[in-house]
Amino acid sequence: MEEHVVRMQRVDELAGAFRNYELVIVTDPGALLEAVCVEVRYGRIGETMQVQRHYFESIKRAKEYVDGKVREKQRRGYRAVAQDGGAYRTDCFFCRLLHEPKSDPCYVATLSSTTFIVGWDQSHPGRSILVLNKHVPDF
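Residues numbered from 1 in each chain as written. Predicted model: local features only at pLDDT ≥ 70, side-chain atom pairs only at ≥ 80, totals over all residues. Heavy atoms only, no water.

**Q** Even after reading the chapter, I still don't get the overall build of the protein, so can you show me in this structure?
**A** On a plain count of helices and strands, the protein comes out with two helices and eight strands. Starting at the N terminus and walking to the C terminus, you meet the elements of the protein as β-β-β-β-α-β-α-β-β-β. Of all 139 residues assigned to the protein, the portion counted as buried reaches 32%. Within the structure as shown, the protein displays about 9200 Å² of accessible surface, and the carbon and sulfur contribution to it stands at 52%. (Helix = DSSP H or I, 4+ residues; strand = E, 2+ residues; numbered from the N terminus. Buried < 20%, exposed > 50% of the residue type's maximum accessible area, 1.4 Å probe, protein only. Areas by Shrake-Rupley, 256 points an atom, 1.4 Å probe, with all protein chains shown as cover.)

**Q** What is the right way to read the sheet that holds strand S8 (residues 128-132) from this model?
**A** Reading across the sheet, the three strands line up as S6-S7-S8 and stay open at both edges, with antiparallel pairing between neighbours. With partners counted over all chains shown, the strands left at the sheet margins are strand S6 (107-110) and S8, one partner each. If you compare each strand with its neighbour and ignore which way they point, the axes differ by 20 degrees on average. (Pairing = 2+ DSSP bridges. Axes fitted to C-alpha atoms, helices over the stretch in contact; angles between N-to-C directions.)

**Q** Would you mind going over the nonpolar core with me for this structure?
**A** One broad trend across soluble globular proteins is that nonpolar side chains are buried collectively. Ranked by size, the top nonpolar core spans 13 residues in total, and within it Leu-23, Val-38 and Val-66 carry the most contacts. Within the residue set of this core, elements represented by two or more residues are strand S1 (2-12), strand S2 (17-26), strand S3 (36-44) and helix H1 (59-75). With five residues, the next largest nonpolar core counts Leu-97, Leu-98, Cys-106 and Ile-117 among its residues. (Core = buried A, V, L, I, M, F, W, Y, C linked by side-chain atoms within 4.5 Å.)

**Q** It is not clear to me how the pairing of S6 should be interpreted in this structure. Could you clarify?
**A** As paired elements, S6 and strand S7 (residues 114-118) share three bridges and run antiparallel to each other. Among the inter-strand pairings, Tyr-107 is bridged to a residue of S7, identified as Ile-117. What sits between S6 and S7 in their antiparallel hairpin is a turn of three residues.

**Q** When you look at the pattern of salt bridges in this model, what are you seeing that I'm missing?
**A** A pair can form between side chains of opposite charge whenever their charged atoms are brought close. Inspection of every chain in the model, using the stated rule, returns seven salt bridges. Here Glu-22 and Arg-7 are joined by a salt bridge, their closest N and O atoms 3.2 Å apart. Placement of the pair is Glu-22 in strand S2 and Arg-7 in strand S1, with a sequence separation of 15 residues. Relative accessible area serves as the criterion here: at 12%, Glu-22 is assigned to the buried category. Arg-41 is the salt-bridge partner of Glu-39, the closest N and O atoms lying 2.6 Å from each other. Judged by its relative accessible area of 17%, Arg-41 falls in the buried class. When salt bridges that share partners are traced, they join Arg-7, Glu-22, Glu-39, Arg-41 and Arg-53 into one network. (Salt bridge = Lys/Arg side-chain N within 4 Å of Asp/Glu carboxyl O.)

**Q** Could you clarify how one ought to interpret the packing of aromatic side chains in this entry?
**A** What describes a pair of aromatic rings is the distance from one ring centre to the other and the angle between the planes of the rings. All told, the structure shown has two aromatic pairs when counted by the stated rule. Arranged with centres 5.2 Å apart and planes meeting at 40 degrees, the rings of Phe-56 and Tyr-65 form a pair that is tilted. Assessed through its relative accessible area of 16%, Phe-56 is described here as buried. Its end group placed over the ring of Tyr-21, Lys-73 keeps NZ or CZ at 4.4 Å from the ring centre. (Phe/Tyr/Trp six-rings, centres within 6.5 Å; stacked < 30°, edge-to-face > 60°. Lys NZ or Arg CZ within 6 Å of the ring centre and 35° of its normal.)

**Q** Looking at this model, I keep getting lost on the environment of Pro-105. Mind explaining?
**A** Its place among the elements puts Pro-105 in the loop between helix H2 (93-99) and S6. The spatial distance from the C-alpha of Pro-105 to the C-alpha of Val-118 is 8.9 Å, given a sequence separation of 13 residues.

**Q** Explain a nonpolar patch on the surface to me, please; I cannot follow it from the model alone.
**A** A surface patch of nonpolar side chains, about 400 Å² in accessible area, is lined by Val-108, Leu-111, Phe-116, Val-118 and Leu-130. Secondary-structure assignment places Val-118 in strand S7. (Patch = residues over 30% accessible without salt bridge, like charges linked within 9 Å, V, L, I, M, F, W, Y side chains within 5 Å.)

And the structure:
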């Protein structure tokens, strides 16, 4: 059972850094021993993440470890992202639009992994845009 999740990203286009970092405190109330696991998941945005596991004797110690890692990553340029795991960039027009889609009069619907928007430029009637629900710097 995941109890505490912290998701962070570091995006530096000039340096080519598009990194995900997650810290998840996992507890299993049915386990024989009451160890608490912190899963550290990391990797390039859009790719499969690697996982490391660290075990602690109490939830308090696990949270202290997570807090320390968050401070360390923030010093290295990582920023928190939405809890649903989607990447979010404040300098990206579509990310800002998807943050509050119903504020745009062209919004039609949010689907499982995309959002459908009628195109603002109707030089070709019916022009529309299908936007991924998370920021992907490149395909």
